[in-house]
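Coordinate analysis (summary)
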Amino acid sequence: MEKQSKSRTWKCFQDQQEEREWILIGRISLSGFQEDDQAASTCVHSRVMPVNSKREQGKDAAVQGTNDSSVVSKVSAAAQGYFHDDFLRHFVCKVSRRAPLINRGYYVRWKAVDHCVKQFFHATKSCSRRQILSLGAGFDSLYFRLHAEGALGGVTVFEVDFPEVARRKSALINSNTCLKDALPDWETVSNQQTNAVFIRSGHYNLIGVDVRKEQEVEATLSRAGLQWDAPTLVLSEVVLTYMETQWSDAVIGWAAKLLSQSMFVMYEQIHPDDPFGRVMQNHFLKLNSTIHALQQYPDTVAQVQRFIQKGWEKCVCLDMNQFYFDLLSEDERQRVKGLEPFDEFEEWHQKCSHYFILTASKGSVNNQALLTLPKASSIPHISPQWAEHPPLVVQPMSGSPSIEAVGMASAVLAPGIILLTGGCGRSGRDTAARVLIKEKDGWKCACVEAYGDKVVSLYQTLTSFPGGGAVLFGGRTSPLNPIGSVVSVTFDPDNEKFQSTIQLSFKNMVCTGTGPKPRWRHTSTLIFYKDKNFLFVFGGRTEKDSVLGDGHFLCLEDNHWTKMTVVGAVPEARHSHSACPNGEGLVIFGGLGKGGRPLGDVFYLRPTSLGFCWETKTLHPAPVPRYSHSAHVINEKLVVVGGVWLQADGVPGVAVINLNTGSCVEIQLDTSSVPWPLMLHSFCSELLDSEGSEMVLIGGGGNCFSFGTHLNLHPLTMDLRPILCYSY
């Protein structure tokens, strides 16, 4: 290893599960590539690191390194069947499986670009010559894939990247029989001293030039045979954003100026200032690969204006949620859903809301290739009805106990005592229950001694019942292993050890009757009906059912799953919704429905003399659909906190729904006292007093795509008195 360490540098890239994949960064001669057979790693065919580089050279090298990370993830997605590409694997030493969230993220990127390429081919099919100009192409395999598909009739591909990247790719192609066979007429014309054309052939040209140098790019492309008046597709996948904005604007401008019949396709990031956006930016800062254009062009509207101002005639820009739901068929989405177990909806939707696909055109022919949305979008943009009300202040809980986890369940066991079970933290699934206890100087995490049938899972429910205990139901240990057990959790507040340690007893409840199938992301709500306490379980999902819409009543007096007469319009099947006691019934709001679209409806389960009746609540204005939120009914107001939405900018704050009048307002949160990006999804909340004047928010966060895991560090409190005394 000492000998190897002199010739290679190892760099660690962290994926969204914090599993470390080590990518080999080595030196290479033009004679070929060497693979380290002893390395139990994922490696990209070597990347040369500049020695004694200046600051700008170092930044360029860091940007080149994003190519290595990207190709590893694309190879993983292709290997799992998300898309078909037999050539990507030739650009890595070893195929390594990435997490499902990473695979999906790179799938939707690949699919969007592929969609645009096909649209361009269709619009220009009558043209005798067509061109693809791929900027910052890296180890992209587009040419080889199109060649294998027989789709290159009259098409010439020009790839442009840093000279060092082009040199590496040229050497790799030259050393790989499969790749070289796709270029029967190729010639290597590498110039070691200057930026140059590294491969020239009838349909493929590999060019090493810095795209920021306009005159040099123009001259080199002309020498390579690019025809400036021919229909040309310009591709830019997360390339221009790494440049200073003045340079990326210049590239967009010269492409519009020089290419009279062209379409520009760009895939990049947006929304830099919300919590996910801040984590995303910090990630690239750590890699010395700052993403620049975000600040000046923070959303799709700004990006469209940018291209129009730089000389493009028409422009359409969609975030990736819009692309996924409106431009992919239901059959294709179902195919993707069946490829591997998946349960990271919050992170998936947030990733898609922070990336866009853009098409801009010059010339009448290419106008036909622009992205086109259906007349009625399945996720239309909705502007939240923000109230003329000061934001609600959120601040760290007094005592600042440290609790970092997602997917926990919570219940108030007694005033000043909150039980937390399950969830997943930085070390994996939590193995013990935790208890927050209020003392004179603030809240703290009490020592817990847990006995009996403990359940360690995510997305279970924990429901307080009279007498100081709670019922735990469902959850999962993995997306393939849901749990169906019902567990009683009790404690003795009079125990002599109570001041220092809380003893909890977990006991499986033996229930009779026909109960619900094992599930997670459901709700369990306490209902008092005809002098009996019932646990009402609704919705959720299983390893086979993407959403559930069934309801079940467990009588807590005799532990019997009781059949009840329920009439009315049953709510749409859903998971990750909320259900709150309201009188002798309950109120359900939101969730993720069939097809993976958030819901924004309210249903009231009203008790009757014969059973229960579902009633739909009409809201005005309708709230923005959301899921993975929390909610409580306080004085006939449904207070909905946080969650994930797709149809509005920013992030959800607090929605206040008057259950009597149906009025609904959105109130923003003041998080200036929170010293970290606050992510309010996959969290839990409890009211801290009987009046409902203060709420605690516990846990939350998640895997921010490939940018690392972000968990809220401490519980937070929110004063609700301003909205409870306000008339809505």
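The structure displayed is predicted, hence computed values, not measured ones.

Remarks on the overall build of the protein
If you tally the helices and strands in the protein, you get 15 helices and 43 strands. Of all 728 residues assigned to the protein, the portion counted as buried reaches 59%. Taking as baseline every contact in the protein between residues at least 6 positions apart, the subset at least 24 positions apart corresponds to 66%.

Some points on the side chain of Gln269
Summarising the element assignment, Gln269 is placed in strand 9 (residues 262–269). Residues within four places of Gln269 in sequence aside, it is in contact with Val238, Thr241, Met280, Phe284, Ile291, Leu294, His354, Tyr355 and Phe356.

Side note on the sheet that holds strand 38 (residues 669–670)
Within the open sheet, the five strands sit side by side as 38-12-43-40-39. Their pairing is mixed. Each edge of the sheet is formed by a strand with only one pairing partner; in this case those strands are strand 38 and strand 39 (683–687).

Side note on the confidence of the model for the protein
On average, residues of the protein score 88 in pLDDT, and 88% of them are at 70 or above. For the stretch residues 46–53, pLDDT sits under 50, and the model shows 24 contacts to residues farther than four places along the chain or on other chains. Throughout residues 58–66 the model reports pLDDT below 50, and contacts reaching past four residues in sequence, or to other chains, amount to 21 contacts.

Thoughts on the sheet that holds strand 35 (residues 637–641)
If you walk across this open sheet you meet the four strands as 34-35-36-37, and the pairing is antiparallel. Only two strands of the sheet have a single neighbouring strand rather than two, namely strand 34 (630–634) and strand 37 (664–667). The average undirected angle you get between the axes of adjacent strands in this sheet is 20°. Pairing analysis gives four bridges linking strand 36 (residues 654–658) to strand 37, with the strands arranged antiparallel. Its bridge partner being in strand 37, Val656 is matched across the sheet by Val665.

Some remarks on the environment of Asn508
Topologically, Asn508 is positioned in strand 23 (residues 501–508). Taking the C-alpha atoms as reference points, Asn508 and Lys454, 54 residues apart in sequence, are found 8.7 Å from one another. Discounting residues that sit within four places of it in the chain, Asn508 has contacts with Asp453, Ser485, Val486 and Val487.

What about the pattern of salt bridges?
All told, the structure shown has 27 salt bridges when counted by the stated rule. Linking Arg521 and Asp343 is a salt bridge whose minimum nitrogen-to-oxygen distance equals 2.9 Å. With Arg521 in the loop between strand 23 and strand 24 (523–529) and Asp343 in the loop between helix 12 (330–337) and helix 13 (345–353), this residue pair connects regions lying 178 residues apart in the sequence. Overall, the relative accessible area of 5% leaves Asp343 in the buried class.

Some thoughts on the nonpolar core
In summary, soluble globular proteins display a tendency toward joint burial of nonpolar side chains. By size, the foremost hydrophobic cluster in this structure holds 85 residues, and its most contacted members are Ile132, Phe144, Met320, Ile357 and Phe707. Per-element accounting of this core gives the leading share, 13 residues, to helix 3 (residues 100–123). Residues contacting Phe707, with those up to four places away along its chain left out, are Phe276, Val279, Met280, His283, Phe284 and Tyr355. Ranked by size, the runner-up nonpolar core spans 34 residues in total, among them Leu135, Val217, Met266 and Phe356.

Focus on the packing of aromatic side chains
One pass over the structure, following the stated rule, counts 31 aromatic pairs. Geometrically, the ring pair formed by Phe91 and Phe144 is tilted, given 6.5 Å between the ring centres and 55° between the ring planes. Here the residue Phe91 occupies a position in the loop between helix 2 (55–79) and helix 3, and Phe144 occupies one in helix 4 (residues 142–148), the gap between them amounting to 53 residues. Comparing Phe91 with Phe144 shows no difference in burial state: the two are buried. Considering the side-chain rings of Tyr143 and Tyr204, the 4.8 Å spacing of their centres and the 35° angle between planes classify their relative orientation as tilted. With Tyr143 in helix 4 and Tyr204 in strand 7 (residues 204–208), this pair connects stretches of sequence that are 61 residues apart. Each member of the pair Tyr143 and Tyr204 is classed as buried.

Description of the state of the cysteines
Here the structure, examined in full by the defined rule, presents zero disulfides. Cysteine Cys445 shares no disulfide, and the gap to the nearest cysteine sulfur, in Cys447, comes to 9.6 Å.

Some words on the side chain of His389
Within the secondary structure layout, His389 lies in the loop between helix 14 (364–367) and strand 12 (392–396). Using a relative accessible area of 14% as the deciding quantity, one classes His389 as buried.

Looking at unusual backbone geometry
The omega angle of the peptide bond from His620 to Pro621 is -10°, so this bond is cis rather than trans. Structurally, Pro621 is set in the loop between strand 33 (611–617) and strand 34. For His271, which is not glycine, the phi torsion reads 55° and is therefore positive. Counting through the fold element by element, His271 comes out in the loop between strand 9 and helix 9 (275–286). Phi angles above zero are rare outside glycine, and Ser682 is one such case at about 55°. You can see Ser682 is positioned in the loop between strand 38 and strand 39. On the basis of relative accessible area, Ser682 is assigned to the buried category, the value being 7%.

A closer look at the packing of helix 3 against helix 13
One way to put it is that helix 3 packs onto helix 13 with a least axis distance of 10 Å and a crossing angle of 30°. Relative to helix 13, the element helix 3 is oriented roughly parallel. Where helix 3 crosses over helix 13, the two elements pack in a sense that is right-handed. Contacts from Leu101, Arg104, Gly105 and Val108 in helix 3 reach Glu347, Trp348, Lys351 and Cys352 in helix 13. A class-by-class count of the residues in the contact of helix 3 with helix 13 yields four nonpolar, one polar and three charged.

A closer look at the environment of Phe276
Its location among the elements puts Phe276 in helix 9. With 434 residues separating them along the chain, Phe276 and His710 place their C-alpha atoms 8.9 Å apart. Once you skip the residues sitting within four places of it in the chain, Phe276 turns out to touch Gln350, Lys351, His354, Met679, Cys704, Phe705 and Phe707.

Observations regarding the packing of helix 3 against helix 12
For any two helices packed against each other, one specifies the crossing angle of their axes together with the interaxial distance. Contact geometry for helix 3 and helix 12: axes closest at 12 Å, N-to-C directions at 150°. Between helix 3 and helix 12, the interaxial angle falls into the category roughly antiparallel. Both helix 3 and helix 12 take part in a crossing whose hand is right-handed. Counted together, Arg104, Tyr107 and Lys111 of helix 3 and Glu332, Arg335, Val336 and Lys337 of helix 12 form the full contact between these two elements. For the contact of helix 3 with helix 12, a count of residues per class yields two nonpolar, no polar and five charged.

Some remarks on the environment of Ser222
In this fold, Ser222 is placed in helix 7 (residues 214–224). We classify Ser222 as partly exposed; its relative accessible area is 37%. Of the polar contacts made by the side chain of Ser222, one reaches the backbone oxygen of Glu218; its length is 2.9 Å.

Reading the values: rules and limits
- Residues numbered from 1 in each chain as written.
- Predicted model: local features only at pLDDT ≥ 70, side-chain atom pairs only at ≥ 80, totals over all residues.
- Heavy atoms only, no water.
- Helix = DSSP H or I, 4+ residues; strand = E, 2+ residues; numbered from the N terminus.
- Buried < 20%, exposed > 50% of the residue type's maximum accessible area, 1.4 Å probe, protein only.
- Contact = heavy atoms within 4.5 Å.
- Pairing = 2+ DSSP bridges.
- pLDDT = per-residue confidence, 0-100.
- Axes fitted to C-alpha atoms, helices over the stretch in contact; angles between N-to-C directions.
- Salt bridge = Lys/Arg side-chain N within 4 Å of Asp/Glu carboxyl O.
- Core = buried A, V, L, I, M, F, W, Y, C linked by side-chain atoms within 4.5 Å.
- Phe/Tyr/Trp six-rings, centres within 6.5 Å; stacked < 30°, edge-to-face > 60°.
- Disulfide = S-S within 2.5 Å.
- Parallel < 35°, antiparallel > 145°, perpendicular 65-115°, else oblique.
- Left-handed = near helix turned anticlockwise from the far one by under 90°.
- Nonpolar A, V, L, I, M, F, W, Y, C, P; charged D, E, K, R; others polar.
- Polar contact = N/O pair within 3.5 Å; in protein donor to acceptor, adjacent residues only side chain to side chain.

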